Amino acid sequence: IAWLTPERRARLHPWLGGAAKRALAVPLAIGGSDDHVHILIGLWPRLQLSAVVQDLKMHSSIWFRETFHLRGFAWQKGYAYFSVSASRITAVRRYIDNQEEHHRSIDFAAEMRSLFSAHGLDANPRDW
């Protein structure tokens, strides 16, 4: 099911930015396509990424179900994260902003397998 229609993303992405701020993270870019979201955030050293992600996923799934009256919606259990050097932030923002066009040529699962493989990691779709 493509839960994240353009209309829903138009409301979800700003909401996620506010939620990231409430979690004391610094939202730098939020985007995605019909089946996933990318969030580029800055984290203070005292914050645990896993706690921020758990907070964002939990609260956004509740908000999404209530806002769009979609009882069956839930994020997948896993997630992937990558650190980004300051010199690459502009390129990553561009990548996030271009998700719809980008995923016309490669689907999300294939891209994840490619990213994991490029970094020498095992890519098991059940984990994300």
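Being a predicted model, the structure only gives us computed values, none of them experimental.

### So, the overall build of the chain
Alright, step 1. When helices and strands are counted, the chain shows five helices and two strands.
Alright, step 2. When its helices and strands are written in sequence order, the chain yields α-β-β-α-α-α-α.
Alright, step 3. Relative to its length of 128 residues, the chain is compact, with a C-alpha radius of gyration of 15 Å against a globular reference of 14 Å.
Alright, step 4. Dimensions of the chain along its principal axes, counting C-alpha atoms only, are 40 × 35 × 25 Å.
Alright, step 5. Across the 128 residues of the chain, 35% fall into the buried class.
Alright, step 6. Sequence separation of 24 or more characterises 52% of the internal contacts of the chain that already satisfy a separation of 6 or more.
Alright, step 7. For the chain, the computed accessible surface area is about 8400 Å², with 53% contributed by carbon and sulfur atoms.

### Description of unusual backbone geometry
Alright, step 1. The backbone of Leu24 shows a phi angle near 70 degrees, a positive value even though the residue is not glycine.
Alright, step 2. Position of Leu24 relative to the elements: it lies in the loop between α1 (6-22) and β1 (26-33).
Alright, step 3. According to the relative accessible area criterion, Leu24 is partly exposed, its value standing at 46%.
Alright, step 4. In this structure, His69 is a non-glycine residue whose phi angle is positive, near 50 degrees.
Alright, step 5. Summarising the element assignment, His69 is placed in the loop between α2 (49-68) and α3 (89-97).

### As for the environment of His69
Alright, step 1. With a relative accessible area of 69%, His69 lands in the exposed category.
Alright, step 2. Along the sequence, His69 and Ser83 sit 14 residues apart, while their C-alpha atoms lie 34 Å from each other.

### Comments concerning the nonpolar core
Alright, step 1. Grouped together as the largest cluster of nonpolar side chains are 19 residues, with contacts concentrated most on Leu4, Leu12, Val52, Trp63, Phe64 and Phe73.
Alright, step 2. At the level of elements, α1 and α2 are the ones that each hand at least two residues to this core.
Alright, step 3. The residues touching Phe64, leaving out its near neighbours within four places in the chain, are Trp3, Leu4, Arg8, Leu12, His69, Leu70 and Phe73.

### So, the pairing of strand β2 (residues 36-42)
Alright, step 1. When you tally the buried positions in β2, you get five out of seven residues, the bulk of the element.
Alright, step 2. Here β1 pairs with β2 via seven bridges, running antiparallel. Within the sheet, the bridge partner assigned to Ala29 lies in β2 and is Leu40.
Alright, step 3. Between the end of β1 and the start of β2, which pair antiparallel, lie two residues.

What counts and how
Residues numbered from 1 in each chain as written. Predicted model: local features only at pLDDT ≥ 70, side-chain atom pairs only at ≥ 80, totals over all residues. Heavy atoms only, no water. Helix = DSSP H or I, 4+ residues; strand = E, 2+ residues; numbered from the N terminus. Rg over C-alpha atoms; globule rule 2.2 N^0.38 Å. Buried < 20%, exposed > 50% of the residue type's maximum accessible area, 1.4 Å probe, protein only. Contact = heavy atoms within 4.5 Å. Areas by Shrake-Rupley, 256 points an atom, 1.4 Å probe, with all protein chains shown as cover. Core = buried A, V, L, I, M, F, W, Y, C linked by side-chain atoms within 4.5 Å. Pairing = 2+ DSSP bridges.

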